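# Structural description and commentary
Now for the letters of each chain:
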Number of protein chains: 2
Amino acid sequence: MKMKKFINAPENLTQELLEGLAAAYPQKVKLDEGKIVVRAKPKSEDKVAIITLGGAGHEPALSGFVGEGMLDASVVGDIFAAPNAVSLLAGLRKFKRDAGILLVVLNHAGDVMSANMAMKMAQREGIKLKSILVADDISAGLDTPLADRRGLAGCIPLFKVAGAAAEEGKSLDEVFEIAEKFNSRIATLAVAMTGCTHPQNGQPITELADDEMEIGMGQHGEGGGGRSKILTADETAKIMFGDLAKAVSLKSGEKIFVAVNGVGATTPMELSIVFRAVKNLASEMGVEVVGGLVDELLTVQEMAGFQLIVCVVDEQSRKYLYAKSDAPYWTSLGE
Amino acid sequence: MKMKKFINAPENLTQELLEGLAAAYPQKVKLDEGKIVVRAKPKSEDKVAIITLGGAGHEPALSGFVGEGMLDASVVGDIFAAPNAVSLLAGLRKFKRDAGILLVVLNHAGDVMSANMAMKMAQREGIKLKSILVADDISAGLDTPLADRRGLAGCIPLFKVAGAAAEEGKSLDEVFEIAEKFNSRIATLAVAMTGCTHPQNGQPITELADDEMEIGMGQHGEGGGGRSKILTADETAKIMFGDLAKAVSLKSGEKIFVAVNGVGATTPMELSIVFRAVKNLASEMGVEVVGGLVDELLTVQEMAGFQLIVCVVDEQSRKYLYAKSDAPYWTSLGE
C-alpha cells in the first residue's frame, strides 16, 4: 500500500523539504550545505548566536524558527534522526565569535550524543559556547530526574526567549541564565488519538484502538502510559493542565504563557477549544494567561493529538516572548 | 464509534472555538455577540472596512485573518454552514461608515444567499457597501462561468491585498478596483488523499480508496473529477500548476505569489516539498515567485490534501501582500 503522503524519493525527503522552506521564505532563511538552515540576514557578530539541532519530520520545527529574534541556525539530521557530531560542528564553526554560542539541545539520546561530541571538538578549537538541555516532557512522572525526561515543543518558547535576549545584546552568561531560568519552569504533556506513518519506510508508528487516546505520547510515538477511552476536550485539558500546573509548582498570582501545539491531524478548531478550556482552568486557580499560541509548531507527521505547553513567565521573559521575530513560523503575540 | 476529535458538546462547537481564538489572541481579536469576530483595536472610521462571512470548521480561516491590515470582521455561521442574513446584517451595521464596507463573499450557495439578502437590507438602511465574489476554484474546468466556480483559500491573499489597500486609506471604489484586479488572476486547485469527518455528526465526508487521490476536491468533500492513483509530490505539482498557469493565462516574465495551503492531515513537510516543486516549475517558464506561504490557512477538518493557490501580482499587489498585518494566522512575508 502506498503512503498517503505527497513526497518524492524517500532518500531525498529532508533535502527537498529544506529546499522548500528556503524557497518559500527567501527573505528570511536560506539553506547552507550540510542541511544547515541559517538566517537570510545574519545577526551581527557581536551578539550571541542561538543554535539548535534535531531530526526532520517535525515541521515547521525546528528550522521554521530560524529568524531574527529566534534561532541563528538549525542543524538538521534525517527524518526522526539527529544530525551527526561532524555536521553540528560545521554549524558551530560558522558561528564562531567572541560573543559565543548558546546551543539548545532537546533531550533525545541521538541529539545529546551528537551535541556532547561536537561541543568537545568545538571547545578544542576555541569556539566559545554553552548549552542548555530542553527536557520539558513530564509524562515519565514528576519525580523523574531531568536527564530522563524528553524534550518536546517547549523548545519553541525557549528559542524565543533566548533569541530575544541575544538580539538585545545580552552576554553569553546572561543569555544562558535567562534561558535556564525560563527553562526551569516549562512543562509539556502530549496526547495522541491516532498513530502516524514513518514517511521514509511507510511503517506505522504506534497504534491506538478506535475508542482510545493516550496522554503522555512522545513525539515519535513512544508510549506515555496514559491510555484511556476518548475524553472530551474539557476533560482532557483538565487532566493535562492539572499535571502541568503541579510540575511547574504553579501558584495563584503567577502568570503563564500557554501553547497548544497541534502535532498533525488535529484541527486548529480543536486546538482553540482546548486553549479556551486551559485559560478557564488557569483563571479558576488565579493564574493569568499572558499570551498564547494555537498552532502547529512541532508536528509528528499525520498523528492526531497535541502537546500542551505551560511556561511560567516573569516581566523579563514576558517581554522576550512578545518581542519581534521574523522567523517564518513564529506568530507575533501582538503589542 | 467515537470521533477522534478533541471537542465537547457538538452544539457548542463553533461558539467554543471562537472563544478559544479570542482567548489565545486577546491583543488582536475579540468575539462579539452573534458569532462576529472583530479586531481588538478597531480601524479608524475614516477607512474602508473589510468584512467576510462563512461557516466554521475551516480554521484558522476565516476568522483567524481578522486583524490590522486584513479583515475588520468575520461573521461566522455554524460548522460548514453560512451565517444567516440577519447575522450578517448585524455585522454590517457595526461597521456603517461614510468610507464604506467591502464585503468579500466566497462563492458557495449559502454564503451568496445570505450576502445578497443582507446587502439589500443594508442598502435600504443607507449602509454604503460593495461586494466582491471569490470564485478561485478551477476544478470545474477553464470554460466554466465564474458563477459556477467555488470560492477556496484564494480568499486569504485577497483579504490581504484589500485589507492593506484599505489600511492605506484608499476609497471604497479604489479598494474595490484593486481587489477585483487581483481577484481576476487568482486560481486555486485542491487535491485530497483522504476524506474527513463532520465534527458535529461524526459522519465521514467523501471516501477515497487506499491507493487513490483526487485533484479538484472541494472544501467540503465535493468531488472534483480528478481521481487517480497516488502520484509523487512533483508529479502532482506539475499537473496542478500546469492547470493553474493556464487558468490565469500566466506568461513568462510575470510574477506570482504562491500559497500551499494544508487542509488538515498533510504535514508542513509535504507542503514544503510541493512548494519547492512549484517554484521550480515557475522558474522553468520564466515566472518569478515573489513570495509564498506554506501553512494551514483554510482547513477541511482532518482531510489529507492541500490547495495550491497562484496569484499573479503587479507592483501594487506585491506591496500590499508584503505590508504589515497582525492577524493571528497571517505570516509576514519579510522585508
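Residues numbered from 1 in each chain as written. Chains lettered and ligands numbered in written order. Predicted model: local features only at pLDDT ≥ 70, side-chain atom pairs only at ≥ 80, totals over all residues. Heavy atoms only, no water.

Moving on, we get to the overall build of chain A. Counting its secondary structure elements, chain A contains eight helices and 14 strands. Computed over its C-alpha atoms, the radius of gyration of chain A comes to 19 Å, within 12% of the 20 Å expected for a compact globule of 335 residues. For the C-alpha atoms alone, the extent of chain A along its principal axes is close to 55 × 55 × 35 Å. Burial status across chain A gives 63% buried among its 335 residues. Sequence-distant contacts, at least 24 apart, represent 73% of the contacts inside chain A between residues at least 6 apart. Per element, the accessible surface of chain A, about 11,400 Å² overall, is 51% carbon and sulfur. (Helix = DSSP H or I, 4+ residues; strand = E, 2+ residues; numbered from the N terminus. Rg over C-alpha atoms; globule rule 2.2 N^0.38 Å. Buried < 20%, exposed > 50% of the residue type's maximum accessible area, 1.4 Å probe, protein only. Contact = heavy atoms within 4.5 Å. Areas by Shrake-Rupley, 256 points an atom, 1.4 Å probe, with all protein chains shown as cover.)

Copies of the same chain, two in number, are related to each other by a rotation about an axis and a translation along it. In screw terms, the move from chain B to chain A is a rotation of 180° and a rise of 0.0 Å along the axis, fitting with an RMSD of 0.0 Å. Classification of the inter-copy transformation places it as that of a two-fold axis. In terms of C-alpha distance to the rotation axis, chain B has B:Ala265 as its closest residue, with the C-alpha 2.1 Å off the axis. A share of 100% of the interface residues of chain B reappears at the interface of chain A, consistent with the copies meeting face to face through the same patch. (Least-squares fit on C-alpha atoms with pLDDT ≥ 70 in both.)

Once that is clear, we can look at the confidence of the model for chain A. Taken as a whole, chain A shows an average pLDDT of 95; of its residues, 97% reach a score of 70 or greater. For this predicted complex, the interface confidence reaches an ipTM of 0.96, while the overall pTM sits at 0.96. (pLDDT = per-residue confidence, 0-100.)

Below, the discussion takes up helix H1 (residues 13–24) of chain B. Between its terminal C-alpha atoms H1(B) stretches 16 Å, which fits the 16 Å expected from twelve residues at 1.5 Å a residue. A large share of H1(B) lies buried, amounting to ten of its twelve residues. Residues of H1(B) that are buried make contact with helix H7 (268–284) and strand S13 (288–295) of chain A together with strand S1 (29–32), strand S2 (36–39), strand S3 (49–56) and strand S4 (73–79) of chain B. (Expected span 1.5 Å × (residues − 1).)

Our next topic: the pairing of S4(B). All names here are of chain B. With six of seven residues buried, S4 lies mostly within the body of the structure. With three bridges joining them, S2 and S4 adopt antiparallel strand pairing. What sits directly across from valine 37, in S4, is serine 74. In this structure, S3 lies alongside S4, joined through five bridges in parallel fashion. Across the sheet, the residue bridging to alanine 56 is isoleucine 79, located in S4. (Pairing = 2+ DSSP bridges.)

Attention now moves to the interface of chain B and chain A. Residue-level contacts link 73 residues of chain B with 73 residues of chain A. Summed over both sides, the interface between chain B and chain A buries roughly 5,800 Å², with carbon and sulfur atoms accounting for 59% of that surface. The largest contributions to the chain B side of the interface with chain A come from B:Lys4, B:Phe6 and B:Met269, which together make up 17% of the buried area. At the surface where chain B touches chain A, the tally comes to four salt bridges. At the junction of chain B and chain A, the tally comes to 28 residue pairs in polar contact (both at pLDDT 80 or more). Of the residues forming the side of chain B that touches chain A, the biggest block, nine residues, is contributed by helix H7 (residues 268–284) of chain B. For the side of chain B that touches chain A, the per-class residue count stands at 35 nonpolar, 18 polar and 20 charged. (Buried area = accessible area lost by both parts, 1.4 Å probe. Salt bridge = Lys/Arg side-chain N within 4 Å of Asp/Glu carboxyl O. Polar contact = N/O pair within 3.5 Å; in protein donor to acceptor, adjacent residues only side chain to side chain. Nonpolar A, V, L, I, M, F, W, Y, C, P; charged D, E, K, R; others polar.)

Further remarks concern the side chain of B:His198. Residues and elements named next belong to chain B. With respect to the helices and strands, histidine 198 occurs in the loop between strand S8 (196–197) and strand S9 (204–205). According to the relative accessible area criterion, histidine 198 is buried, its value standing at 14%. Of the polar contacts made by the side chain of histidine 198, one reaches the backbone nitrogen of glutamine 200; its length is 3.0 Å. Excluding residues that lie within four positions of it along the chain, histidine 198 makes contacts with Met3, Ile79, Phe80, Gln203 and Ile205.

This part covers the sheet that holds strand S14 (residues 305–313) of chain B. All names here are of chain B. Judged by pairing direction, the sheet is mixed, and its six strands sit side by side in the order S11-S10-S7-S14-S12-S13 without closing on themselves. A strand with exactly one partner marks an edge of an open sheet, and here the two such strands are strand S11 (226–229) and strand S13 (288–295). Neighbouring strand axes in the sheet, compared pairwise and without regard to direction, differ in orientation by 20° on average. As paired strands, strand S12 (residues 255–262) and S13 are joined by seven bridges and run parallel to one another. Counted as the bridge partner of isoleucine 256 is valine 289 from S13. (Axes fitted to C-alpha atoms, helices over the stretch in contact; angles between N-to-C directions.)

The amide bond that connects A:Glu59 to the next residue, A:Pro60, takes the cis arrangement and shows omega of 10°. Along the chain, A:Pro60 turns up in the loop between strand S3 (49–56) and strand S4 (73–79). Residue A:Leu62 is bonded to the preceding A:Ala61 through a cis peptide linkage, with omega at -10°. As for its placement among the helices and strands, A:Leu62 is situated in the loop between S3 and S4. One non-glycine residue, B:Lys35, lies in positive phi territory at about 55°. Structurally, B:Lys35 can be placed in the loop between S1 and S2. By relative accessible area, which is 24% here, B:Lys35 ends up partly exposed.

Below, the discussion takes up the pattern of salt bridges. All names here are of chain B. Taken as a whole, this structure holds 38 salt bridges over all chains when the rule is applied. Of the charged contacts, one joins lysine 5 and glutamate 302 as a salt bridge, the two residues approaching to 2.7 Å between their closest N and O atoms. Taken together, the positions of lysine 5 in the segment before H1 and glutamate 302 in the loop between S13 and S14 put the pair 297 residues apart, joining distant regions of the chain. A residue is classified by how much of its surface remains accessible, and glutamate 302, at 21% relative accessible area, is partly exposed.

Residues and elements named next belong to chain A. At a minimum axis distance of 8 Å, the contact between helix H4 (residues 155–167) and helix H8 (residues 315–322) shows a crossing angle of 95°. As summarised for this structure, H4 and H8 are arranged roughly perpendicular, according to the angle between their axes. Contact with H4, carried on its side by Pro157, Lys160, Val161, Ala164 and Ala165, involves Ser317, Tyr320, Leu321 and Tyr322 of H8 and no other residues of that element. Each residue belonging to the contact of H4 with H8 can be placed in one class, and the counts come to seven nonpolar, one polar and one charged. (Parallel < 35°, antiparallel > 145°, perpendicular 65-115°, else oblique.)

Residue and element names in this part refer to chain A. Sheet topology note: the strand S1 (residues 29–32)/strand S2 (residues 36–39) ladder contains four bridges and is antiparallel. Looking across to S2, one finds that leucine 31 is bridged to valine 37. Counting the residues in the hairpin turn of S1 and S2 gives three residues, including glycine 34, whose phi is positive at 80°.

Looking at H8(A), one finds that the buried residues are A:Ser317, A:Tyr320, A:Leu321 and A:Tyr322. Looking at the packing, one finds that the buried side of H8(A) touches H4, helix H5 (172–183), strand S12 (255–262), S13 and strand S14 (305–313) of chain A.

Between two aromatic rings, the relevant description is the distance of the centres plus the angle of the planes. Enumeration according to the criterion identifies four aromatic pairs over all chains in this entry. Ring centres of A:Tyr25 and A:Tyr329 lie 5.7 Å apart, and the angle between their planes is 75°; this geometry places the pair in the edge-to-face category. Within this pair, whereas A:Tyr25 is found in the loop between helix H1 (13–24) and S1, its partner A:Tyr329 is found in the segment after H8, the two being separated by 304 residues in sequence. Here A:Tyr329 falls in the buried class, since its relative accessible area comes to 8%. Taking the centre distance of 4.8 Å and the plane angle of 75° together, the rings of A:Phe306 and B:Phe6 count as edge-to-face. Taken as a pair, A:Phe306 in strand S14 and B:Phe6 in the segment before H1 lie in two separate chains rather than in one. (Phe/Tyr/Trp six-rings, centres within 6.5 Å; stacked < 30°, edge-to-face > 60°.)

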